[in-house]
Structure formats: structure tokens, C-alpha cells
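# Residue-level structure breakdown
Residues per chain are reported as follows:
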Amino acid sequence: MKKLSVLVFLAFTLLPLSNANATGSIINILNILIENKLLNDAYSKDAELGEKICKMFKGSGCYSVSNLGEGICKAGGGSGCYSVSNLGEGICKAGGGSGCYSVSTIGEGICKAGGGSGCYSVSTIGEGLKKFKRSYVDREWAWDQFYHSTGSLVWACRGIQTGQFAKKTRCNGKPQNDYRWPNN
């Protein structure tokens, strides 16, 4: 996804969601990064994108963000965000991980943010996500049917691991049944 289209997407699609209920938890931040294919060192130095993510999650000091990692750190309420030098370190600090200053890869940062063990040897994003506490990030989705506040019956897509609502495209190809959350 090109930088401009990512920024437009964040500005017009995700900002209304963040005002409604999103918090700067590492879970929500990682889901945004994964869905928008931003877990990539190519975006690491992007201060404008970092500022947008920081503001989306109502972080503090968003006006002075110098890179994406710092924006993620501030969005998650991490400490020592001004010195973040890479994306992995920002993710680690946003999640409250320990030893974040020495993080050298995105995968290691994800692993430490989730409290995983043996993170120093993690070199890929996939490894980091596997070691991240599994209940924090959605890997599977299912349909949920419920009554909207207006009284109409609606279908929504939800993450199985967290129960959080997700884009309907995550449930494409899945049968519309409500076996997982029949009373919610």
C-alpha cells in the first residue's frame, strides 16, 4: 500500500473508530499495523505515519513524532519514546516490554511487547507473533449476529481470540452463523 493511501485510509476510516472506543493497547495497535501491512521496515522512518497513529490512539506528544516507532510507542503510552530508534523498539515500549532499548528486529519487539520468552533470538515478524501471548491478537474471525441499538438485527465480524469487532472482509468466505457468540 502506498504511503498516501495508507494515510488517507487512517484519516478517513480508522479515526472515527478510534474516537468511538479504541484504546492505545498494544493489541489494537498491532491489529491496525497488521491489517494495513505496516509491519515493515520500509515505514520505520515515516514521521507523518507515526504522528497519525499516535493521534489516532490519543497518545501524548504526537506533534513531535520523528518516526513510526516513536508514534507507536506514544500511542501505546510507552515510556522513553523520544529515544525510539526503530519500529521493533517502539512496539516493545508500547506494549510495556522489558529490555526494549536493545531490540533489533520487529519480531523481537512484538515478542517482548507480548511478554514472550526467548525473544532475543526472534528474527521474523511471524516468530514474534507466535511468541506474543496468543490471546492478545486475533488470528481467526467469525460472524456474530445481534440486535443493533436501533433494534435491527445485524451481522458483524469478530476476532475469535479477543472478541473485538473486525472488518467484514476478515469473515469473507465463512458461513454466516452465530454458533460462537449466540447470546451476545
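Described in the following lines is the structure provided in the data block. (Residues numbered from 1 in each chain as written. Predicted model: local features only at pLDDT ≥ 70, side-chain atom pairs only at ≥ 80, totals over all residues. Heavy atoms only, no water.)

Here we take up unusual backbone geometry. The phi dihedral of Lys 37 is positive, around 55°, even though this residue is not glycine. On the basis of relative accessible area, Lys 37 is assigned to the exposed category, the value being 62%. Although it is not a glycine, Lys 58 sits at a positive phi angle of roughly 55°. Turning to its location among the elements, Lys 58 is positioned in the loop between α3 (47–56) and α4 (68–75). Lys 58 gets classed as exposed once you look at its relative accessible area, which sits at 57%. (Buried < 20%, exposed > 50% of the residue type's maximum accessible area, 1.4 Å probe, protein only. Helix = DSSP H or I, 4+ residues; strand = E, 2+ residues; numbered from the N terminus.)

What follows covers helix α5 (residues 87–94). Burial analysis of α5 places eight of its eight residues in the buried class, which makes it a mostly covered element. Considered for burial, the residues of α5 that qualify are Leu 87, Gly 88, Glu 89, Gly 90, Ile 91, Cys 92, Lys 93 and Ala 94. Those residues of α5 hidden inside the fold are in contact with α2 (26–35), α4 and α6 (106–113). You can read the cap of α5 off the contacts: a side-chain oxygen lies 3.1 Å from the backbone nitrogen of Gly 88, and it is on Asn 86. A positive phi of about 75° marks Gly 96, the residue just after α5. (Contact = heavy atoms within 4.5 Å. Polar contact = N/O pair within 3.5 Å; in protein donor to acceptor, adjacent residues only side chain to side chain.)

So, about the state of the cysteines. All chains considered together, the criterion is met by five disulfides. Paired by a disulfide, Cys 54 and Cys 62 hold their sulfur atoms 2.0 Å apart. Where Cys 54 bonds to Cys 62 through sulfur, the torsion about that S-S bond is close to -75°, and the disulfide is left-handed. Owing to a relative accessible area of 0%, Cys 54 belongs among the buried residues under this scheme. (Disulfide = S-S within 2.5 Å.)

Buried together is how nonpolar side chains tend to be arranged in soluble globular proteins. In terms of nonpolar packing, the biggest core is built from 23 residues, with Ile 26, Leu 33, Ile 53, Ile 72 and Ile 91 touching the most fellow members. Elements that contribute at least two residues to this core include exactly α2, α3, α4, α5 and α6. In terms of residue count, the dominant contributor to this core is α2 (six residues). Those residues within four positions of Ile 91 in sequence are excluded, and the remaining contacts are Ile 26, Leu 30, Leu 33, Leu 39, Ile 72, Ile 106, Gly 109, Ile 110 and Ala 113. Judged by nonpolar contacts, the second largest core, of five residues, contains Trp 141, Trp 143, Ala 166 and Cys 171. (Core = buried A, V, L, I, M, F, W, Y, C linked by side-chain atoms within 4.5 Å.)

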